[in-house]
There are 2 protein chains.
Amino acid sequence: MARIKADNDLSRKEIITQAAAALFQEKGFKAASMRDLADKVGVEAASLYNHIKSKAELLHNICVNVANNFWNHIHAVENHQGNAIEKIEMLLRFHIREMVNNYQEVYVSDREWKHLTEPYLSNFHTQRREYRKKIAALIEAGIKSGEIRPIDAPTAVLIMLHAVSGIDSWHRSKQKISAEALEENMVTIMINGLRK
Amino acid sequence: MARIKADNDLSRKEIITQAAAALFQEKGFKAASMRDLADKVGVEAASLYNHIKSKAELLHNICVNVANNFWNHIHAVENHQGNAIEKIEMLLRFHIREMVNNYQEVYVSDREWKHLTEPYLSNFHTQRREYRKKIAALIEAGIKSGEIRPIDAPTAVLIMLHAVSGIDSWHRSKQKISAEALEENMVTIMINGLRK
DNA sequence: CCTACCGATCGGTAGG
DNA sequence: CCTACCGATCGGTAGG
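These notes cover the structure that comes with them. (Residues numbered from 1 in each chain as written. Chains lettered and ligands numbered in written order. Predicted model: local features only at pLDDT ≥ 70, side-chain atom pairs only at ≥ 80, totals over all residues. Heavy atoms only, no water.)

1. What about the overall build of chain A?
Within chain A, the regular secondary structure consists of 10 helices and zero strands. Starting at the N terminus, the α and β elements of chain A follow one another as α-α-α-α-α-α-α-α-α-α. In terms of overall dimensions, chain A has C-alpha extents of about 60 × 40 × 35 Å along its principal axes. For chain A, the residues scored as buried account for 50% of the 196 residues in total. When the accessible area of chain A is evaluated, it comes to approximately 9700 Å², of which 51% is carbon and sulfur surface. (Helix = DSSP H or I, 4+ residues; strand = E, 2+ residues; numbered from the N terminus. Buried < 20%, exposed > 50% of the residue type's maximum accessible area, 1.4 Å probe, protein only. Areas by Shrake-Rupley, 256 points an atom, 1.4 Å probe, with all protein chains shown as cover.)

So this is what it looks like as structure tokens:
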């Protein structure tokens, strides 16, 4: 009995979090009200608080989930057997697929994280900086091995990550090319831009 | 006398608009309050309304200024003598420089325009779409002439524009490379990514 | 999960 | 340019 109740609570909370991700993506965190969210879920605003603690908690959960997802993946990339270009392509394809399939959460985590409250804001910021350093290290390795042009690695990271975040425009576009074609086009442009 | 007063009003309004651009960039449009803005300018909130009509007008002015700036430039690019790669490089360098030198306004126009009110929202959206079509046409021309890889032009546009918007991270970074080095690195990666 | 309601803050106005 | 203030809306709570 207790377990079934706990399961129901969990999935209810997940439904609310998913709806919050969609809402924060559409309107932005500050412009999205808890009344908007309640409408989306189909309850009164006050009822949300039986499942969540606060609006801030919703943003926090979204950002932490996304951050951990990318954080886990880059360790797999680092341990992957292969040259630098292969590793970077692996990372790039993961980013593209996450942006395609898990659009709203990834978008919110990327664009709305500055509305996190302390200490989560500082934690997120630090992890983000570490994550980018890891990508820069992959690029540096590729420059040393002669696979990649002698460019500024942090600048290359910034181009890569932001290019991928442009997929939000793809989601909204009228005549979408397929997700596969999008991925191949992005990889072609970015990898050839880096490759010597 | 009347002229001096008019001049003072204009520059006062410009001071407020500049401060608003900085504030909207830092906090986001919705999270930035008119009391915040008044503090930044050094007056009481009510006094702002002797110079501006509304908070919405401030965002509108910022977005229209930026949009017109880019709109005028792309006509110069289209009329420029040269091959497709040269035109695209010219456009890319202009975007990079605007993002470096006119950071706050460009950033706000890029990230906060969805908070515009009608009919400005629709106008902005339409102009933005037309602008991107013009860039896609430049890329298509380069593909036809054999200068550029056979890629999906709208995807290439989206990568280019978003890569440039990543310069906001450069502004905040601790050990900044020079603006010139940033520009050369970006141009190298993007142009070689496109070039056949 | 709802009704009823709270204190805080918002954009903006009146009047001087 | 300021003091004083407004109606609306916000995130969230009490109590059932």
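Further notes follow.
2. Some thoughts on the environment of Asn61 of chain B
Residue and element names in this part refer to chain B. Tracing the backbone through its elements, the reader meets Asn61 in helix α3 (residues 55–79). A relative accessible area of 24% means that Asn61 is categorised as partly exposed. Sequence separation between Asn61 and His73 is 12 residues; the distance between their C-alpha atoms is 18 Å.

3. Looking at the protein's contact with DNA strand D
As a matter of local geometry, DNA strand D sits amid 15 residues, with Arg35 and Lys55 of chain A together with Glu44, Ser47 and Asn50 of chain B nearest to it. Restricting attention to atoms of DNA strand D within 4 Å of the protein, one finds that 53% of them are sugar or phosphate atoms. A distance of 3.1 Å separates a base nitrogen of DNA strand D from a polar atom in the side chain of Asn50 of chain B. Of the residues that constitute the surface near DNA strand D, the class distribution is six nonpolar, five polar and four charged. (Near = heavy atom within 4 Å. Polar contact = N/O pair within 3.5 Å; in protein donor to acceptor, adjacent residues only side chain to side chain. Nonpolar A, V, L, I, M, F, W, Y, C, P; charged D, E, K, R; others polar.)

4. Some words on unusual backbone geometry
Residue Pro119 of chain A follows Glu118 of chain A across a cis peptide bond; omega there is 5°. In this structure, Pro119 of chain A sits in the loop between α6 (103–111) and α7 (120–144).

5. Quick look at the relation of the copies chain B and chain A
When chain B is fitted to chain A, the residual RMSD is 0.0 Å, and the transformation amounts to a turn of 180° plus an axial shift of 0.0 Å. The operation mapping one copy onto its partner corresponds to a two-fold rotation axis. Judged by C-alpha distance, Gly193 of chain B is the residue of chain B that lies nearest the rotation axis, at 1.8 Å. When you check the interface residues of chain B against chain A, 100% turn up at the interface there too, and the contact is symmetric in its surfaces. (Least-squares fit on C-alpha atoms with pLDDT ≥ 70 in both. Contact = heavy atoms within 4.5 Å.)

6. Looking at the protein's contact with DNA strand C
Around DNA strand C, the surrounding shell holds 15 residues, and the nearest of these are Glu44, Ser47 and Asn50 of chain A together with Arg35 and Lys55 of chain B. Backbone sugar and phosphate groups make up 51% of those atoms of DNA strand C lying within 4 Å of the protein. At 2.6 Å, a side-chain N or O of Ser47 of chain A approaches a phosphate oxygen of DNA strand C. Asn50 of chain A is positioned with one of its side-chain polar atoms (N or O) 3.1 Å from a base nitrogen of DNA strand C. When grouped by side-chain class, the residues that make up the surface near DNA strand C number six nonpolar, five polar and four charged.

7. Examining the interface of chain B and chain A
The interface of chain B with chain A comprises 38 residues on the first partner and 38 residues on the second. Both sides together, the interface formed by chain B and chain A hides about 2800 Å², and carbon and sulfur atoms give 64% of it. On the chain B side of the interface with chain A, the three residues burying the most area are Ile159, His162 and Ile189 of chain B, jointly 21% of the side's total. Where chain B packs against chain A, one counts zero salt bridges. Looking at the side of chain B that touches chain A, the elements that each hand over two or more residues are α1 (2–27), α5 (103–111), α6 (120–144), α7 (153–165), α8 (167–172) and α9 (179–194) of chain B. Among the elements that take part in the side of chain B that touches chain A, α9 of chain B stands out by supplying nine residues, more than any other. Grouping the constituent residues of the side of chain B that touches chain A by class yields 15 nonpolar, 12 polar and 11 charged. (Buried area = accessible area lost by both parts, 1.4 Å probe. Salt bridge = Lys/Arg side-chain N within 4 Å of Asp/Glu carboxyl O.)

All quantities given are derived from atomic positions and should not be read as evidence of function.
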